[in-house]
Amino acid sequence: MAFEEALATWLVKQRWFAGKGRGLRDLAIVADTEVVGGDPELRHLIVTVSYDTTVDYYQVLTGLRHELPDELQHAHIGPSDDGRQAYDGLHDAELTRTLLAGIAADESIGRLRMRTIPGASFETGLDSLVLGGEQSNTSLVYGEESILKVFRRLSPGPNPDLEVTTALARLGSQHVAEPFGWIETTLDGVPTSLAILSRYLRLASDGWSLAATSVRDLYAMEDGTGDGVRAAEAGGDFAGEAYRLGIATAQVHADLAAAFGADVLGDGVLRELTEQMFRKLDLAEAAVPELGRYGEMLGDAYSSLAKLRDPIPVQRVHGDYHLGQVMRTTETGWVVLDFEGEPATPLAQRRARSSPLRDVAGMLRSFDYAARHQLIGHPQQFGLNAVAGDWVRRNASAFCAGYAEAGGQDPDENDVLLRALQLDKAVYEVLYEARHRPSWLQIPLDSLAEF
């Protein structure tokens, strides 16, 4: 029992733990598989975390050593029941080589099944390095060739990231990182994804960093009056990349429709969609009273959506689309990552069909964040507001033009739907920032003021 207590104390402090503030009631280890024996030892644990009315699953690959070296102290969990020191084994390259080799060999260890995608080829025997910055999962880079994304919070069933990237790679899509293999187990009687191994995009730059650099260059040229420079004049203009990203997004959507089919929303489903938007708005207003000043505007937008009579096409979409989910490569242009959707959303909902304009709305909101987050605490914030707005409009327009020209639903011809989806996303952002990042709350609130 002592180890479970140490594990619970450690778990709630992790960035990827989704139950912060929910009052953890109990933790239990429901599966324990020895992956590597000896000292060090690697054990694969699945734990349940109980709250007042719900239970979540997490996986923890636990390393065990009699003596924990200094370089692993940051991953320390606590003492195990046999007196050894337990730690997050994903940080131990001596142990994680086994995962790569197991996938290559189609090995099964206890309840774990490690599988290679037919035709995939990748090097084994490489040391791993944990990437920083992830919030929902943990990713290990092996050399400069492959990356293993380990899902921390588990939902029984297939993970959409593995499901989608495998299907799109089979279609020959150039906009996904080639999947090499996966690890799975059985949870609640169904095969459940634990990790996915993919090609590592070693020479790529993420979209958020590229956009942020463009904004930073633009702000550096501004004299503070808001009259000195426009986004088109900046040396780091992002509009060309935004246009190409729009094209890539439309092509990915076309591949998703080909792989998983498409349909249209009926009137009843559309009413339910708008009712969900109103419910989310009520919840957010209760938590953030400042949102109330935009209630009438938001209600009008949602009501306009409910009145649409033209069929609304739906299909599989990304579901959590923003600049941090795309990488710009020198070989194939833009590559889309992380198709698992919003991790806090139930799995069935993440796999359900939705309007592809939901992804467009997510990216447009991301452009807004890229411009506004650098204004927080900026000494020339007031003068730069107009510059930020110009940058957002220019890149949003370029993205939408590329998306429409590549065959996506024309955002200009679906403005009622796109507006409602953008506002729904902004309401979600208000609640998220209020709960997790209060210093950024003004970003979505300022955006709502300008809709």
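Going by the structure above, here's the rest.
This structure is a prediction, so every number in the text was calculated from the model and none was measured.

Negative phi is the rule for most residues except glycine; trans is the rule for most peptide bonds. Along the chain, Asp 39 connects to Pro 40 via a cis peptide bond; the corresponding omega equals 15 degrees. In this structure, Pro 40 sits in the loop between β1 (26-36) and β2 (41-50). Although it is not a glycine, Asp 188 adopts a positive phi angle of roughly 55 degrees. Along the chain, Asp 188 turns up in the loop between β12 (179-187) and β13 (190-199). Owing to a relative accessible area of 57%, Asp 188 belongs among the exposed residues under this scheme. Its identity as a non-glycine residue notwithstanding, Asp 338 has a phi of 55 degrees, on the positive side. Take Asp 338: it is sitting in the loop between β18 (333-336) and α8 (347-351).

Our focus in this paragraph is the packing of helix α11 (residues 415-436) against helix α12 (residues 442-450). Packing of α11 against α12 leaves a shortest axis separation of 8 Å and a crossing angle of 150 degrees. On the basis of the axis angle, α11 is roughly antiparallel to α12. For α11 against α12, the interelement crossing comes out left-handed. Touching Leu 423, Ala 426, Glu 429, Val 430 and Glu 433 of α11 are Pro 444, Leu 445 and Leu 448, all from α12.

Taking strand neighbours across the sheet as the criterion, the three strands line up as β14-β17-β18 in an open arrangement whose pairing is antiparallel. Sheet topology places β14 (205-206) and β18 at the edges, where each strand pairs with a single neighbour. Sheet topology note: the β14/strand β17 (residues 326-329) ladder contains two bridges and is antiparallel. Directly across from Asp 206, in β17, lies its bridge partner Met 327.

The next subject is the side chain of His 373. Relative to the helices and strands, His 373 resides in the loop between α9 (357-372) and α10 (381-405). Only 3.3 Å separates the side chain of His 373 from the backbone oxygen of Ala 370, close enough to count as a polar contact. With near-sequence residues (within four places) excluded, His 373 lies in contact with Trp 208, Ala 212, Trp 440 and Ile 443.

As for its placement among the helices and strands, Tyr 432 is situated in helix α11. Overall, Tyr 432 belongs to the partly exposed group, its relative accessible area being 27%. On a C-alpha basis, the gap between Tyr 432 and Glu 450 in space is 20 Å, while along the polypeptide they are 18 residues apart. Each residue touching Tyr 432, except ones within four places of it in the same chain, is listed here: Gln 135 and Arg 437.

Taken together, the seven strands give an open sheet; going across it, the order is β6-β7-β12-β13-β10-β9-β8, and neighbouring strands pair in antiparallel fashion. Every interior strand has two partners, whereas the edge strands, β6 (108-109) and β8 (128-130), have only one. Direction of pairing for strand β9 (residues 137-142) relative to strand β10 (residues 146-151): antiparallel, over a ladder of six bridges. Residue pairing in the sheet places Leu 140 in a bridge with Leu 148 of β10. The sheet contacts of helix α2 (residues 93-104) involve β7 (112-116), β8, β9, β10, β12 and β13, and relative to β7 the element is tilted by about 65 degrees.

Rules of the game
Residues numbered from 1 in each chain as written. Predicted model: local features only at pLDDT ≥ 70, side-chain atom pairs only at ≥ 80, totals over all residues. Heavy atoms only, no water. Helix = DSSP H or I, 4+ residues; strand = E, 2+ residues; numbered from the N terminus. Buried < 20%, exposed > 50% of the residue type's maximum accessible area, 1.4 Å probe, protein only. Axes fitted to C-alpha atoms, helices over the stretch in contact; angles between N-to-C directions. Parallel < 35°, antiparallel > 145°, perpendicular 65-115°, else oblique. Left-handed = near helix turned anticlockwise from the far one by under 90°. Contact = heavy atoms within 4.5 Å. Pairing = 2+ DSSP bridges. Polar contact = N/O pair within 3.5 Å; in protein donor to acceptor, adjacent residues only side chain to side chain.

These results come straight from atomic positions and should not be treated as a statement about function.
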